[in-house]
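If you want the building blocks of each chain, they are given just below.
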Amino acid sequence: MTSRFLPVALADGRLYVSELARRLEISRPLLYMHLDRLEKAGLVVGRLELSEDGKALKYFELAPFELKLDVATVLAALEEDRQEDRPGPNDLKGTPT
């Protein structure tokens, strides 16, 4: 779930990890796990910088991207959502077998 909120938190610009963890109310190790996945996917970019007092701060920002949609892509996404919303055989409680 956190990976979904990270791009929203970074939408206004770059943030350093401690600030981002505070805003999302999660631990820094958990945040780093999500950021690592997003960075490997090319969705965020991390840069290590030194502050004026010499502290190393890791900043993250959204990677530039372009989103192209066509009718087939939208229809496929809708169908996938429908499939996820359908109850599976183990979800039907109280139904005689």
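Rules used in this analysis
- Residues numbered from 1 in each chain as written.
- Predicted model: local features only at pLDDT ≥ 70, side-chain atom pairs only at ≥ 80, totals over all residues.
- Heavy atoms only, no water.
- Phe/Tyr/Trp six-rings, centres within 6.5 Å; stacked < 30°, edge-to-face > 60°.
- Lys NZ or Arg CZ within 6 Å of the ring centre and 35° of its normal.
- Helix = DSSP H or I, 4+ residues; strand = E, 2+ residues; numbered from the N terminus.
- Buried < 20%, exposed > 50% of the residue type's maximum accessible area, 1.4 Å probe, protein only.
- Polar contact = N/O pair within 3.5 Å; in protein donor to acceptor, adjacent residues only side chain to side chain.
- Pairing = 2+ DSSP bridges.
- Contact = heavy atoms within 4.5 Å.
- Axes fitted to C-alpha atoms, helices over the stretch in contact; angles between N-to-C directions.
- Patch = residues over 30% accessible without salt bridge, like charges linked within 9 Å, V, L, I, M, F, W, Y side chains within 5 Å.
- Areas by Shrake-Rupley, 256 points an atom, 1.4 Å probe, with all protein chains shown as cover.
- Salt bridge = Lys/Arg side-chain N within 4 Å of Asp/Glu carboxyl O.
- Arc of directions from axis to C-beta.
- Core = buried A, V, L, I, M, F, W, Y, C linked by side-chain atoms within 4.5 Å.
- Parallel < 35°, antiparallel > 145°, perpendicular 65-115°, else oblique.
- Nonpolar A, V, L, I, M, F, W, Y, C, P; charged D, E, K, R; others polar.

For the coordinates displayed, the defined rule picks out one aromatic pair. The residue whose ring lies beneath Arg 14 is Tyr 59, and the NZ or CZ to ring-centre distance is 3.9 Å.

Now for the environment of Ser 27. For Ser 27, the position within the fold is in the loop between helix 2 (17-24) and helix 3 (28-40). Taking relative accessible area as the criterion, Ser 27 reaches 41% and is therefore assigned partly exposed. Separated by 10 residues in the primary sequence, Ser 27 and Val 17 place their C-alpha atoms 9.9 Å from one another. Polar side-chain contacts of Ser 27 include one of 3.3 Å to the backbone nitrogen of Leu 30.

This brings us to the sheet that holds strand 2 (residues 44-50). Pairing is antiparallel across the open sheet formed by three strands, whose spatial order is 1-3-2. Since the sheet does not close on itself, it has two edges, and those belong to strand 1 (15-16) and strand 2, each with one partner. Against the sheet, helix 3 contacts strand 2 and strand 3 (56-62), and its axis sits at roughly 120° relative to strand 2.

A word on a nonpolar patch on the surface. On the surface, Phe 65, Leu 67, Leu 69, Val 71, Val 74, Leu 75 and Leu 78 cluster together to form a nonpolar patch covering roughly 760 Å² of accessible area. Locating Phe 65 in the fold gives a position in the loop between strand 3 and helix 4 (71-85).

Of the residues making up helix 2, those classed as buried are Val 17, Leu 20 and Ala 21. Along helix 2, the residues classed as buried sweep out an arc of 100° about the axis, all on the same side. Positive backbone phi, at 55°, marks Glu 25, one or two positions downstream of helix 2.

Let's shift gears to the nonpolar core. Of all hydrophobic cores here, the largest spans 13 residues; its most connected members are Leu 6, Leu 10, Leu 20, Leu 31, Leu 35, Val 44 and Phe 60. Among the elements of the structure, helix 1 (2-9), helix 2 and helix 3 are those that each provide at least two residues to this core. With sequence-adjacent residues up to four places away left out, Leu 10 is seen in contact with Leu 15, Leu 20, Val 44, Phe 60, Glu 61 and Leu 62.

This part is about the packing of helix 2 against helix 3. For the pair helix 2 and helix 3, interaxial distance at closest approach is 10 Å and the crossing angle is 105°. Considering their axes alone, helix 2 and helix 3 lie roughly perpendicular with respect to each other. Listed contacts from helix 3 to Val 17, Ser 18, Leu 20, Ala 21 and Leu 24 of helix 2 are Arg 28, Leu 31, Tyr 32 and Leu 35. Considered class by class, the residues forming the contact of helix 2 with helix 3 number seven nonpolar, one polar and one charged.

So, about the pairing of strand 2. By the bridge criterion, seven bridges tie strand 2 to strand 3 in an arrangement that is antiparallel. In the strand pairing of strand 3, Glu 49 is matched with Leu 57. Connecting strand 2 to the next strand, strand 3, in antiparallel fashion are five residues, including Gly 54 with a positive phi near 90°.

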